[in-house]
Amino acid sequence: MIYLDNQATTPTDPRVLDAMLPWFARDFGNPHSAEHAMGRHAADAVEAARAEIAALIGADPRDIVLTSGATESNNLAIKGAARFAAAGPRRRIITLATEHKCVLESVRDLAAENFEPCILPVGRDGLLDLDRLKDALRTPTLLVSVMAVNNETGVRQNLAAIAGLVHEAGALLHSDIAQAAGKLKFDVENPRISLASISGHKIYGPKGIGALYVRRRPRVRLSPLFSGGGQERGLRPGTIPAPLAVGLGEACRIAAAEMGEDEARIAALRARFLERLGVPVVVNGAAGLPGCLSLRFPGARALDLIAACPTLCVSTGSACTSADIAPSHVLTAMGLSAADAAATLRVGIGRFTSPSDIDAAASLLAAAAHIPAEA
Amino acid sequence: MIYLDANATEPLRPAARQAAIAAMELAGNPASIHAAGRQARRVLEDARTRIAAALGGEPEGLVFTSGGTEANALAIAGLGHGRRILCGATEHAAVLEAAPGAPRIPVDRDGALDLGALDTLLAQGGPALVCVMLANNETGVIAAMPEIARLCRQHGALLHVDAVQAAGRMTIDMAALGADSLALSGHKIGGPKGAGALLLARGRDIEAPLIAGGGQERGRRGGTPSLPAIAGFAAALHEAQNPAPSLAPLRDAAEAAAIAAGALVCGAGPRLPNTSSLALPGVRADGQVIALDLAGIAVSAGAACSSGKVARSHVLDAMGLPYAACAIRVSLPWNATSAHIDAFAAAYATMAARMRRQAA
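Scoring rules and cut-offs
Residues numbered from 1 in each chain as written. Chains lettered and ligands numbered in written order. Predicted model: local features only at pLDDT ≥ 70, side-chain atom pairs only at ≥ 80, totals over all residues. Helix = DSSP H or I, 4+ residues; strand = E, 2+ residues; numbered from the N terminus. Rg over C-alpha atoms; globule rule 2.2 N^0.38 Å. Buried ≥ 20, exposed ≤ 12 C-beta atoms within 10 Å, placed from the backbone. Contact = placed C-beta atoms within 7 Å. Domains from an automatic or database assignment. Nonpolar A, V, L, I, M, F, W, Y, C, P; charged D, E, K, R; others polar. Pairing = 2+ DSSP bridges. Axes fitted to C-alpha atoms, helices over the stretch in contact; angles between N-to-C directions. Left-handed = near helix turned anticlockwise from the far one by under 90°. Expected span 1.5 Å × (residues − 1). Arc of directions from axis to C-beta.

**Q** Please explain the overall build of chain B as it appears in this structure.
**A** For chain B, the count of helices and strands is 13 helices and twelve strands. What you see for chain B is a C-alpha radius of gyration of 21 Å, in line with the 21 Å of a compact globule of 360 residues. In terms of its C-alpha atoms, chain B occupies a principal-axis envelope of roughly 70 × 55 × 35 Å. Taken over 360 residues, chain B has a buried fraction of 63%. Summarising the internal contacts of chain B: among those between residues at least 6 apart in sequence, 71% fall at separations of at least 24.

Have a look at this one:
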């Protein structure tokens, strides 16, 4: 099996697994049991992990709230900020048409709570037109949510320019950095971000853990999605899964140390893949994350290509919606026709992709693309 | 360190550990359609089927969450929409805080829910959602669920049952309980932390998700499921339900030793076989816990989530007992041994003698 779907989920790094193992055996304490040594030991491990997560994005450990994953982080950031400011004058919440479904749904759900969702289009290259944002911000806006790197195309938004406009308008800036964190340099101070969502299993850590960066200076106030128990400064109740938190911390530590090396290798593998493919393809969207390739095979159908390569794990788009028949909302927002979207495959290269994986995948896909698509 | 704080978290069961590690070695996202994704999906759906079956529910009704707190919150927000919420007075903070201001159904000195009071509360207004835990986390007292369910049905109320402490420690059949939903936590059964579930009875559904997006869990809970923790949860529940030697004799021995040293056991009637709330009148609970910690015995003064604060036990207060500041919780894990109980008995006797001397 050749795994080239590293935007859906990444394999757990063996070093991450090793770091987690003691917490799956001897060190099983509840990190909230401050009264006994086993609980404190677990709490110390969680705090060390929190520090690694913070360090990866230039944050203070106290800014990091642990969650079950990026979907929860996105919900907490968007709904939490809106609900906290529910009595305030700012009603508009801005996001992009190419955001992850959980961001779009969170923003749209807020319409029922008297907020005004504003979904901005993107260009053919997947990028936000800054003038559109400037226009949208003329209406008093509470929050703007823009992902750093798109999960289907790898397109990287110009967050520095966006942040300037958002702050000028006095709004909060949230960024879903699930695909960017640990892969591209990201610092919450440059550009200045109010809220940022991280996922463990997108950076070779475990599923079931994520984090939300919540700026404290100036303080970003949120209402929790649910209550009970008071953990994580009251923003996120429930027992912190210490083993998963340790895994996320280790994943962040490794990513911080090896990011440059990983990305250079992945960029070379991407170039090698495109070179070996040998059939005409179009890369959708502006250049961004090298490991994420949105490839259009003119005249072919992506589902046929996938069916013709059962040993190859690639996707037609976001995993969450991979059972959908509807064309990708990301690609259609970029102006692709339904037929062009249906001819598009996402190829996700990761830390554990080898050159031979790339060569095999290229020849499998090239052979499949030569099979005429069924009528 | 002798660990007697299972109700805060159970030690991971070996089968759960294996299942979690095996799941961690799978590359796929269960929502992906390729082979790696299908493999992950099989693990997810197999866990769903096994957990639902073990509790007398249906896989279609099982929603995986990040844990018990989220499961309780999802039930209250999702089933309580447009209904009055009524909570047992000894519920966990996860329930009480998810329903702020909800009227509390009183309990008696044994910890049993006052059915007459429930009847009156139910008769006082429109359709309700009643939240009652199956077994209390501090005292282990088991609620008279079929009677509670019958009252709820008579008044057209829904019944949400927090089964976080009960699951794996007693037989649970959702239909026999008469519950409309059950909240569960993996790590309280000996699974990994980071997974729980809300099990909905047939025909019940939540109004809206707490965490939206992605369409996972039939649109009831967005986000990539925590596959390792979920696989471990299913394995732990299976292992817990396989006939294991009952912890009741060990619990009884621990209680007898504590009583001999001057303790009172809080809560009576049917109780979990692993949980004791032991009061030492006049001796502060935090001092007891610290003394036992120094002697190598891990116990707690109450729920782990609030234990950083060393608050009074709202459970014992609700029971009308004057011991809310001087009771500790001793909760035996699945792997407790009689040697652990002997060590506890000795440490407890030493602690009690010294602290009562100081208090006198």
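Here the narrative resumes, following the displayed structure.
**Q** When you look at the domain arrangement of chain B in this model, what are you seeing that I'm missing?
**A** The parts lose accessible area when they come together, and the size of an interface is often stated as this lost area. Residues and elements named next belong to chain B. Splitting chain B by domain gives domain 1 (2-9 + 246-359) and domain 2 (14-241). Mapped onto the side of domain 1 that touches domain 2, the elements with two or more residues apiece are β10 (275-279), α11 (304-307) and α12 (314-318). Class assignment for the residues of the side of domain 1 that touches domain 2 results in twelve nonpolar, eleven polar and two charged.

**Q** What should I look at first to understand the sheet that holds strand β12 (residues 327-331) of chain B in this one?
**A** Strands in a sheet are paired, the pairing made by backbone hydrogen bonds, and the direction either parallel or antiparallel. Residue and element names in this part refer to chain B. Sheet architecture is open: three strands sit in the order β9-β10-β12, paired in antiparallel fashion. Taken across any chain shown, the strands that pair with only one partner, and hence form the sheet edges, are β9 (264-266) and β12. Each strand axis lies, on average, 35 degrees off the axis of its neighbour in the sheet, ignoring direction. For β10 and β12, the ladder comprises five bridges, and the chain directions are antiparallel. Paired with S276 across the strands is V330, a residue of β12.

**Q** Looking at this structure, I do not really get the domain arrangement of chain A. What am I missing?
**A** All names here are of chain A. Along its sequence, chain A is carved into domain 1 (2-8 + 259-370) and domain 2 (14-253). One C-alpha centre belongs to domain 1, the other to domain 2, and the line joining them spans 27 Å. Facing the 23 residues of domain 1 at the interface are 22 residues of domain 2. Residue assignment for the side of domain 1 that touches domain 2 shows that the elements contributing at least two residues are α7 (242-277), β10 (292-296) and α9 (329-333). Top element by residues in the side of domain 1 that touches domain 2 is β10. It accounts for three residues.

**Q** Looking at this structure, I do not really get the interface of chain B and chain A. What am I missing?
**A** Counting residues at the interface gives 62 residues for chain B, matched by 61 residues for chain A. At the level of secondary structure, the elements contributing two or more residues to the side of chain B that touches chain A comprise α1 (14-24), α2 (35-54), α3 (68-79), α4 (93-96), α8 (227-241), α10 (285-294) and α11 of chain B. Residues that form the side of chain B that touches chain A fall into these classes: 32 nonpolar, 24 polar and six charged.

**Q** Got a minute to help me understand the sheet that holds β10 of chain A in this structure?
**A** Residue and element names in this part refer to chain A. Pairing in this open sheet of three strands is antiparallel, and the strands run β9-β10-β12 from one edge to the other. Looking at strand neighbours, the two that pair on one side only are β9 (282-283) and β12 (344-348), the edges of this open sheet. As paired elements, β9 and β10 share two bridges and run antiparallel to each other. Among the inter-strand pairings, V283 is bridged to a residue of β10, identified as L295.

**Q** What is the right way to look at the environment of L264 of chain B in this model?
**A** With respect to the secondary-structure elements, L264 of chain B resides in strand β9. Each C-alpha atom, one on L264 of chain B and one on A345 of chain B, is 14 Å from the other, the two residues being 81 residues apart in sequence.

**Q** So what exactly am I meant to see when it comes to the pairing of strand β7 (residues 181-185) of chain B here?
**A** The side chains of a regular strand alternate, first on one face of the sheet and then on the other. All names here are of chain B. β7 sits mainly inside the fold: five of its five residues count as buried. Neither face of β7 is open: one carries S181, A183 and S185, the other L182 and L184, and all of them are buried. Pairing analysis gives three bridges linking strand β6 (residues 158-162) to β7, with the strands arranged parallel. By the bridge assignment for β7, H160 is matched with S181. Two strands pair when backbone bridges link them, and β7 and strand β8 (residues 196-200) are joined in this way by five bridges, in the antiparallel orientation.

**Q** Mind showing me how you'd approach the pairing of β12 of chain B here?
**A** For β12 of chain B, the tally of buried residues reaches five of five residues, placing the bulk of the element in the interior. Taking every second residue as pointing to the same face, both faces of β12 of chain B are buried, with A327, R329 and S331 of chain B on one and I328 and V330 of chain B on the other.

**Q** Just checking my understanding: could you explain the packing of helix α2 (residues 37-56) of chain A against α7 of chain A for this structure?
**A** How two helices pack is summed up by the angle between their axes together with the distance between the axes. All names here are of chain A. Their axes nearest at 8 Å, the elements α2 and α7 cross at an angle of 35 degrees. Handedness of the α2/α7 crossing: left-handed. Contact with α2, carried on its side by A42, A45, V46, A48, A49, E52, I53, A55 and L56, involves A242, A245, V246, L248, G249, C252, R253, A255 and A256 of α7 and no other residues of that element. Of the residues in the contact of α2 with α7, the class split is 15 nonpolar, one polar and two charged.

**Q** Can you walk me through the packing of α2 of chain B against α8 of chain B in this structure?
**A** Residues and elements named next belong to chain B. Where α2 contacts α8, the axes come no closer than 9 Å and their chain directions differ by 35 degrees. Regarding α2 and α8, the two cross each other, and that crossing is left-handed. Within the contact between the two elements, α2 uses A40, V43, L44, A47, R50, I51 and A54 and α8 uses L227, I230, A231, F233, A234, L237, H238 and Q241. Of the residues belonging to the contact of α2 with α8, the class tally is twelve nonpolar, two polar and one charged.

**Q** Would you mind showing me how to read α2 of chain B here?
**A** Given 3.6 residues per helical turn, the α-helix brings residues three or four places apart onto the same face. When the terminal C-alpha atoms of α2 of chain B are compared, their 28 Å separation across 20 residues agrees well with the 28 Å that a helix rising 1.5 Å per residue should span. Inspection of α2 of chain B places A36, G37, A40, V43, L44, A47, R48, I51 and A52 of chain B among the buried residues, and these make up the whole buried set. Burial along α2 of chain B is one-sided: seen end-on, the buried residues are contained in an arc of 155 degrees. Contacts from the buried residues of α2 of chain B go to β1 (2-3) and β11 (312-313) of chain A together with α1, β2 (62-65), β8 and α8 of chain B.

**Q** Honestly, unusual backbone geometry in this entry has me stumped. Any pointers?
**A** Peptide bonds are mostly trans, and most non-glycine residues show a negative phi. Residues and elements named next belong to chain A. In this chain, N190 is followed by P191 through a cis amide linkage whose omega measures 0 degrees. Checked against the element boundaries, P191 lands in the loop between β6 (172-176) and β7 (195-199). That bond from R217 to P218 is cis: its omega, -10 degrees, falls within 30 degrees of zero. The backbone of E232 shows a phi angle near 55 degrees, a positive value even though the residue is not glycine. Relative to the helices and strands, E232 is located in the loop between β8 (210-214) and α7.

**Q** When you look at helix α6 (residues 159-168) of chain A in this model, what are you seeing that I'm missing?
**A** Residues and elements named next belong to chain A. What α6 keeps buried is the set L159, I162 and V166. For α6, the arc enclosing every buried residue in end-on projection is 60 degrees, short of the 170-degree limit, so these residues lie on one face. Opposite the buried face of α6, at more than 90 degrees from it, the exposed residues are A160 and E168. On its buried face, α6 is in contact with α5 (130-136), β5 (141-145) and β6. Just past α6, the residue G170 takes up positive phi, approximately 75 degrees.

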